[in-house]
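Report on the structure
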Amino acid sequence: MNGQTRSVIKPGITVLIVLKQDQRTGKLTKGIVKDILTKSPNHPHGIKVRLMDGQVGRVKEIVEE
């Protein structure tokens, strides 16, 4: 599932995000959502979130567990 819709992203779920410095390479970082930073219901590049470890990036994929 992609991370462009805010309503499907909840604190506590596991996601793959792309960090700002990794946007060129597309390298993904796995983590657990702490805060949702994007206010709009949709975003074409992915909803911006803060992970439990403090890293901030845009959700590219939601990990189904």
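Preceding this paragraph is the structure being described.
First, a word on scope: everything that follows refers to the structure included in this document.

Thresholds applied
Residues numbered from 1 in each chain as written. Predicted model: local features only at pLDDT ≥ 70, side-chain atom pairs only at ≥ 80, totals over all residues. Heavy atoms only, no water. Helix = DSSP H or I, 4+ residues; strand = E, 2+ residues; numbered from the N terminus. Rg over C-alpha atoms; globule rule 2.2 N^0.38 Å. Buried < 20%, exposed > 50% of the residue type's maximum accessible area, 1.4 Å probe, protein only. Contact = heavy atoms within 4.5 Å. Pairing = 2+ DSSP bridges.

Some remarks on the overall build of the chain
Helices and strands together make up the secondary structure of the chain, namely zero helices and four strands. Shown N-terminal to C-terminal, the secondary structure of the chain runs as helices and strands in the order β-β-β-β. Taken against the 2.2 N^0.38 rule, which gives 11 Å for 65 residues, the C-alpha radius of gyration of the chain at 10 Å falls within 12% of a compact globule. The dimensions of the chain, computed from C-alpha atoms along their principal axes, are 25 × 25 × 20 Å. For the chain, the proportion of its 65 residues judged to be buried stands at 35%. Long-range pairs, those at least 24 residues apart, make up 48% of the contacts in the chain with a sequence separation of at least 6.

Concerning the pairing of strand β4 (residues 56–62)
Both strand β1 (residues 14–19) and β4 contribute to a ladder of five bridges, which runs antiparallel. Paired with Leu16 across the two strands is Glu61, which belongs to β4. As paired strands, strand β3 (residues 48–51) and β4 are joined by three bridges and run antiparallel to one another. Bridge pairing in β4 places Arg50 opposite Val56. Joining the antiparallel neighbours β3 and β4 is a turn of four residues, in which Gly54 adopts a positive phi near 95°.

A few points about the environment of Lys20
By the secondary structure assignment, Lys20 is in the loop between β1 and β2 (28–36). Residue Lys20 is classed as exposed on the basis of its relative accessible area, which comes to 65%. Lys20 sits 28 residues away from Lys48 along the chain, and the two C-alpha atoms are 10 Å apart.

Re the pairing of β2
A regular strand places its side chains on the two faces of the sheet in alternate fashion. Relative to β2, β1 runs antiparallel, the two being bridged by five bridges. Counterpart to Ile17 in the pairing with β2 is Thr29. Pairing of β2 with β3 involves three bridges; the strand directions are antiparallel. Looking across to β3, one finds that Val33 is bridged to Leu51.

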